[in-house]
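A structural walkthrough
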Amino acid sequence: MSTSHPLTERLAALRGPSTPQRPLDARALAALAANPGCRRRALMDAAGVDKGAVAEALGSPARFGQSRFAFSRGHAFEARVKADGCAELLRLLGAEGRAAVPDLGAPGPKGRVERTRQALAEAEPGGWTLLDHPLLALEIAGSTVYLEPDAVAVAPDGRWTVVEIKSFPILDGGADAQKVGAAARQAAVYVLALAELDEHGGSRPRPEIVLVCPRDFSNLPTAERVDVRKQLAVTRRQLQRLTRISEIADALPEGTTFDLRPGPDGRTPTRPREELTAAVEAVPAVYAPECLSTCELAFHCRDRARAAGRVEALGRSLRGELGGLTTVEAVLAAAHGTCGDPTDPAVAALRRAAALRREALAAAPVVGPRAAADDEPVPAHGGGAR
Amino acid sequence: MQTLARAEAVAAGRAVPAATVRHTHLGERPVVLVPLTTAGEAGAPLGAMVGTDRDEPTLLVVPQPLDRELRFGFFAGLASVLLPVLAEYADDTEVEPATRNREETELCADAPQIVVPNTAALEYVRLVGRSTRFLRTVEDPDAPHPVPVPVPLLGRWLTHYAERARTPGSALLLALTSVLTRHWTTGQSAMEDQHLGALLAWIDPPAGLDGPAGAARAQTGRGPDGLLLSPPAGPATDPVFDNRVLAPALTRYDRARAAGDGPATAGAEAEVRRLVASQLRPTWDDVWRGLDLLRALPEGGHVAERWKRDRWSFTGHRDRVRAGEPPQPKRDDAVTAAQKLAGRETAQARLMAQEALDDPLAMAARRLGGEAFAGTVTGVEMAYSEGRRPMPRPLVTLATPDLPQAEPGAKAYRAVPGARSAQTAALVSVLPLDAGGAEDGAGEGPGPAWSVTVRLTGGMGSGRTPKEGSVPEPGAAVAFTLFEHDPRGGPALPEAELTPWTHGGPPGAATGAPGPADSPDPVTPEDYL
């Protein structure tokens, strides 16, 4: 497998000879699954390109980064949950004082993956085993991705559960839906990787993860089960598509590379911006406003989408409404009746909308008759009548 | 309609109107609140700018957000700004005359309005309310970490405001981005509209820039020091700001405090204050600029009526606080939740109807959706109902470009000038007009394409001949809607005591026995970290 792989070589060339490969992590895989149609992201991630550096070199830097306060908070919370041999975590799982916590130390990532496999195989049937920071491997597009979940628990029934520790609070039993969604997508990748390790055909990892978060405003951990079946299905499908990376690579012109050609200091890119832009543009992207929060290249893609007048830049749902009209220009032309097929429902609706809008804006705002409802009983407080 | 407006905004390079009138009440002296939070900490505020005077905001800063005492000091500071304002409005009352089903009641003449920059800040207000309303004060000898007396009261008010903000059309607590996007449509996505700086750049581009360029500068433009030119409107801070300047300043503060060095502590605290203020001030100014833009729009006809409901809400909460009722529970019981939902549904329907009546643009969207039709009367045919006392039931036919999406027999409504309520009618038939009119309309807007006949069923007085002016003349422009103009909720829900046990939620909830959900929040020594 590690013998010279044409795709691996191809991807290394795309990355540039002197650029270290950026390993894909669960977060990146999850982000890919959120926009499965984007070939640009799929290819650059598979090749391990530092998209942030590319974006910077293109002149559209992303606004990413983690505050060190959030970082230290996350670490402190995980340390607390795992203190004293994961006592707190075992209590949440209901395995207090009767679980094996094997040592997973081993040299090198391969050794650690092997050790994880062993530990899972050796797990005592009928008892609890907790793997603290196991290492899992997932084969993606010809290269191995190593993934490190916070913990994996083996229950007495032999099923495996991914444990994800996050530092956002569960307040009165509910948490920020966006954050829970992100955690679920990330955990789904771990479940997939676990299924690879299972010789029973992938039936042992549970499609349900345990999310451990601080409770209310305290530092006390609390756990909730989160169903990740949907995220699993999406991620699995996307990873299957990822294996077609070679097709994307083959469609590129000969010699395309995202190499920044770092200068003597090893950081400053020397590659001309036009050249790099051309290389990035050679791979089609599917921009959606949601990219802005997940992809380093999003601002570049947005500028491109806007320059081309593409309606996707205005939102995905909007794109869906417009059918065959893909540019802002076409939308306006259709609305003003200069082109477009009037029998197309989207065109007809736009024309009606344009006419109505014009009529409404032309009419000066009339102060209509005030509803004389003031003397009628008004609910004491519209929201929560008691 | 929105889609078209967005496309037009892209072409114009700046936002286009989405409303011709202002649909939101704006108080004379709104309280603007711009909060900032510490990354990664739920409810650990970093600072806030608050006040009613745009030139002199009150700056509140927590020099070490992880310190419980300092945090409580912040809440106390916020309380000392907000509570006097609330008290001032609470005491200024007028008397509502008695009606058939209500006794004479006292109503606050006005209510304080709080404006925050965006929906995230609004959620933050809810969070602060939740975190403070159960805290125990110094008056309680058993409290492990007592807070200054007014803090829980502040929490109850903030909770009430945040809860009221969920009612459609209410204006007690406003997220400025939501209000601005109701009145203008930009050429960017709805997600990007959440950025206050970018949104304002589209609506009112800075000198020398168009909307997209101004928005891009607001989103990503950084000064030579690497900090954002226009800091995020919060409550989250820019990570670069956190890492580069705030964290070192907090460390200096901690070190000086640990060493017991008074002057150095004061100096470090002043530094943190300066830094936090530098992040808050641009947003503070943006909020006021947004309010100016909104004030320039004429107020919609029904806005005052909706604000009156907000005043009722304010008065109601004032009374509950004065009656010494306990703070709002963490979770509503089943009965309260059902009532809230029903109330909000009614409020939503009412808001939609009122906006359409106040604003031709909102009505245009309803006409496009087939929920309303407007046109010219082409014929009136007198008819009478059958029965012992025949009533006038005239048939009115109008030529309209709108195709109403309803079956014959559906109810339609028409606003009649001077009448207290809408005139009702029933749809009789919808027939396509002869071709010709529809075709040459392609150039400048479609001509009438449909001939719609309705039977007027009310609003004509009780006599045999219709009241003057209640039946439109041929040639008059009329508009009918298929939605009610003053929608009421369904029948009232039964009182809590009368709700059958199957609908009343888990047993014990009604008896007021503290369930597990009511236990006090757990407290750890190193709360928040």
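Given the structure is predicted, the values throughout are model-derived calculations rather than measurements. (Residues numbered from 1 in each chain as written. Chains lettered and ligands numbered in written order. Predicted model: local features only at pLDDT ≥ 70, side-chain atom pairs only at ≥ 80, totals over all residues. Heavy atoms only, no water.)

A look at the packing of aromatic side chains
Two descriptors summarise a pair of aromatic rings, namely the distance from one centre to the other and the angle between the planes of the rings. Residue and element names in this part refer to chain B. Counting across every chain of the model gives five aromatic pairs over all chains. Ring centres of Phe74 and Phe75 lie 5.7 Å apart, and the angle between their planes is 65°; this geometry places the pair in the edge-to-face category. Here Phe74 matches Phe75 in class, with each residue buried. Plain terms: the ring middles of Phe373 and Phe480 are 5.7 Å apart, the flat faces sit at 25° to each other, and that makes the pair stacked. Of the two residues, Phe373 sits in strand β10 (residues 372-381) while Phe480 sits in strand β15 (residues 477-481), which places them 107 residues apart along the sequence. Overall, Phe373 belongs to the buried group, its relative accessible area being 0%. Residue placement shows Lys330 over the ring face of Phe134; its charged tip is 5.9 Å from the ring centre. Directly above the ring of Phe483 sits Arg366, whose terminal nitrogen or CZ lies 3.9 Å from the centroid. (Phe/Tyr/Trp six-rings, centres within 6.5 Å; stacked < 30°, edge-to-face > 60°. Buried < 20%, exposed > 50% of the residue type's maximum accessible area, 1.4 Å probe, protein only. Helix = DSSP H or I, 4+ residues; strand = E, 2+ residues; numbered from the N terminus. Lys NZ or Arg CZ within 6 Å of the ring centre and 35° of its normal.)

Notes on the pattern of salt bridges
All names here are of chain B. In total, this model carries 41 salt bridges over all chains according to the counting rule given. The partner of Arg29 in a salt bridge is Glu88, with the nearest N and O atoms 2.9 Å apart. Of this pair, Arg29 sits in the loop between β1 (16-17) and β2 (31-37) while Glu88 is found in helix α2 (residues 68-91), placing the two residues 59 residues apart along the sequence. The exposure class of Arg29 is partly exposed, given its relative accessible area of 38%. Exposure remark for Glu88: the relative accessible area of 45% places this residue in the partly exposed category. Salt bridges here are not isolated pairs; linked through shared partners, they connect Glu123, Arg126, Glu163, Arg166, Lys340 and Arg344. (Salt bridge = Lys/Arg side-chain N within 4 Å of Asp/Glu carboxyl O.)

Considerations on the confidence of the model for chain B
Residue and element names in this part refer to chain B. Of all residues in chain B, 90% have pLDDT values of 70 or greater, and the mean over the chain is 81. Taking the mean pLDDT of every element in chain B, the minimum, 41, falls on helix α13 (residues 437-440) and the maximum, 92, on strand β7 (residues 114-116). Segment residues 509-518 is flagged for pLDDT under 50; beyond a separation of four residues in sequence, or across chains, it makes three contacts in the model. For this predicted complex, the interface score ipTM comes out at 0.76, while the overall pTM is 0.81. (pLDDT = per-residue confidence, 0-100. Contact = heavy atoms within 4.5 Å.)

A closer look at unusual backbone geometry
Glycine aside, the phi torsion of most residues is negative, and most peptide linkages are trans. Residues and elements named next belong to chain A. The backbone phi angle of Asp84 is positive, close to 50°, even though this residue is not glycine. Considering the arrangement of structural elements, one finds Asp84 in helix α6 (residues 83-93). The phi torsion at Cys86 lies on the positive side, around 60°, for a residue other than glycine. Note on placement: Cys86 falls in helix α6. Cys86 sits in the buried class, given a relative accessible area of 2%.

Quick word on the confidence of the model for chain A
Residues and elements named next belong to chain A. With 90% of its residues at a pLDDT of at least 70, chain A reaches an overall mean of 78. Looking over chain A, one finds the lowest element-wise mean pLDDT in helix α13 (residues 316-322), namely 76, and the highest in strand β6 (residues 160-165), namely 90. A low-confidence stretch, residues 365-386 (pLDDT under 50), is modelled with 42 contacts involving residues beyond four sequence positions or located in other chains.

Things to note about the sheet that holds strand β3 (residues 45-51) of chain B
Residues and elements named next belong to chain B. Pairing is mixed in the open sheet, where five strands are placed in the order β4-β3-β2-β7-β8. The two strands at the open ends of the sheet, each matched to only one other strand, are β4 (58-61) and β8 (173-175). Strand-to-strand, the axes of this sheet are offset by a mean angle of 20°, without reference to chain direction. Where β3 lies against β4, four bridges are found, and the strand directions are antiparallel. Pairing of Val50 across the sheet is with Thr58, part of β4. Across the sheet, helix α5 (residues 176-183) is in contact with β7 and β8; its angle to β8 comes to roughly 65°. (Pairing = 2+ DSSP bridges. Axes fitted to C-alpha atoms, helices over the stretch in contact; angles between N-to-C directions.)

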